[in-house]
Amino acid sequence: MAEVGGPKTEEKDELGNYPELKRNYASFLPLINACVERFCDTLERPELLQRMATVGGYHTETFARSIASHSRYVLVAMGGKRGRPYAVHPASGVVLGNRQPYRHLTDLAIIAEIAHKGTVVIDDIEDGTLVRNSIATLHAKLGEEYGNPEKGRTEAINFGNLLYFIPVFIWSFFFCS
């Protein structure tokens, strides 16, 4: 008898999980983590930092130091599930009609993660969260480093808000100059 209802969907295991999806995610995570590292490297480029500092009216060396350390801490050390780029990446393959999207689309997929990390930094301040994923939140870390929790929160707010706009700024720096 013929199968009714279209193509077969992935079977769930006894716990209701999708093992194929988990395997795909596990193989994709190193790719996204490498893109995040490249993004942090890009943020440390002197000409980009100079332009960002100039536009914002900041002292370039101070701005560069905080961007470099904060971005690596929030985007790399604090980790996370990286679910947003995982969702964007396969969707870009569907749109392009192939299963292996181009690398630059993977780089673009992390934009969702970067903006999300900005919301996480702000949310941690609003909720008073001091630890996330077993690591001190940015405002808690900075408050301890400065010996002043208020200064830590202020700098974390500025950095969290900056994460909303950094992807757009980088895009304009490389493609609209």
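You'll find the structure just up there.
This one's a predicted model, so the numbers in the text were calculated from it and none came from an experiment. (Residues numbered from 1 in each chain as written. Predicted model: local features only at pLDDT ≥ 70, side-chain atom pairs only at ≥ 80, totals over all residues. Heavy atoms only, no water.)

> I tried to follow the overall build of the protein chain on my own but got confused; where do I start?
From N to C terminus, the protein chain includes 7 helices and 2 strands. Sequence-ordered secondary structure for the protein chain, helices as α and strands as β, is α-α-α-α-α-β-β-α-α. When each of the 177 residues of the protein chain is scored for burial, the buried share is 34%. In the protein chain, 69% of the contacts between residues at least 6 apart in sequence involve partners at least 24 apart. Roughly 10,800 Å² of accessible area belongs to the protein chain as shown, and the carbon and sulfur atoms make up 59% of that amount. (Helix = DSSP H or I, 4+ residues; strand = E, 2+ residues; numbered from the N terminus. Buried < 20%, exposed > 50% of the residue type's maximum accessible area, 1.4 Å probe, protein only. Contact = heavy atoms within 4.5 Å. Areas by Shrake-Rupley, 256 points an atom, 1.4 Å probe, with all protein chains shown as cover.)

> I would appreciate a short explanation of helix H1 (residues 19–43) in the present structure.
Owing to its 3.6 residues per turn, the α-helix aligns residues three or four sequence positions apart on the same side. When the terminal C-alpha atoms of H1 are compared, their 36 Å separation across 25 residues agrees well with the 36 Å that a helix rising 1.5 Å per residue should span. At Phe 28, H1 shows its strongest bend, of approximately 30°, with the proline Pro 30 following within four residues. Among the residues making up H1, those that are buried are Phe 28, Ile 32, Cys 35, Val 36, Phe 39, Cys 40, Thr 42 and Leu 43. (Expected span 1.5 Å × (residues − 1). Bend = angle between axes of the 7 residues up to and from the residue.)

> Mind showing me how you'd approach the layout of surface pockets here?
Empty space among the atoms can be located by rolling a probe the size of a water molecule over them. In this structure, the largest pocket spans a volume of roughly 600 Å³. Around the largest pocket, the lining comprises 24 residues; the ones closest to its centre are Tyr 58, Phe 63, Ser 66, Asn 158 and Leu 162. Sorting the residues of the lining of the largest pocket by element identifies helix H2 (46–56), helix H3 (60–77), helix H6 (138–146) and helix H7 (149–175) as the ones contributing at least two each. Here the lining of the largest pocket takes 9 residues from H7, the largest share from any one element. The residue makeup of the lining of the largest pocket, split by class, is 12 nonpolar, 8 polar and 4 charged. (1 Å grid on protein atoms, 1.4 Å probe; cavity = no way out; pocket = protein on both sides within 12 Å on 5 of 7 lines; lining within 4 Å. Points joined across faces, edges and corners; volume = space filled by probe spheres on them. Nonpolar A, V, L, I, M, F, W, Y, C, P; charged D, E, K, R; others polar.)

> Help me understand the pattern of salt bridges in this model?
Any two side chains of opposite charge can pair if their charged atoms end up close together. The full count for this structure, using the stated rule, is 9 salt bridges. As a salt-bridge pair, Arg 72 and Asp 41 come within 2.4 Å of each other at their nearest N and O atoms. With Arg 72 in helix H3 and Asp 41 in helix H1, this pair connects stretches of sequence that are 31 residues apart. Among the residues examined, Arg 72 registers a relative accessible area of 24% and is labelled partly exposed. What makes Asp 41 partly exposed here is its relative accessible area of 42%. Each member of the salt-bridge network shares a partner with another, and the members are Glu 37, Asp 41, Glu 44 and Arg 72. (Salt bridge = Lys/Arg side-chain N within 4 Å of Asp/Glu carboxyl O.)

> What exactly am I supposed to notice about the environment of Ala 53 here?
Within the secondary structure layout, Ala 53 lies in helix H2. Residue contacts for Ala 53: discarding those within four places in its chain leaves Tyr 58, Thr 60 and Phe 63.

> Even after reading the chapter, I still don't get empty space enclosed by the protein, so can you show me in this structure?
Summed over the entire model, instances satisfying the criterion amount to 1 cavity of 30 Å³ or more. One number sums up the size of the largest cavity: a volume of about 40 Å³. Around the largest cavity, the lining residues are Met 78, Val 121, Asp 124, Thr 137, Leu 138, His 139 and Ala 156. Among the secondary structure elements, those contributing two or more residues to the lining of the largest cavity are helix H5 (103–127) and H6. Classifying every residue of the lining of the largest cavity by side-chain character gives 4 nonpolar, 2 polar and 1 charged.

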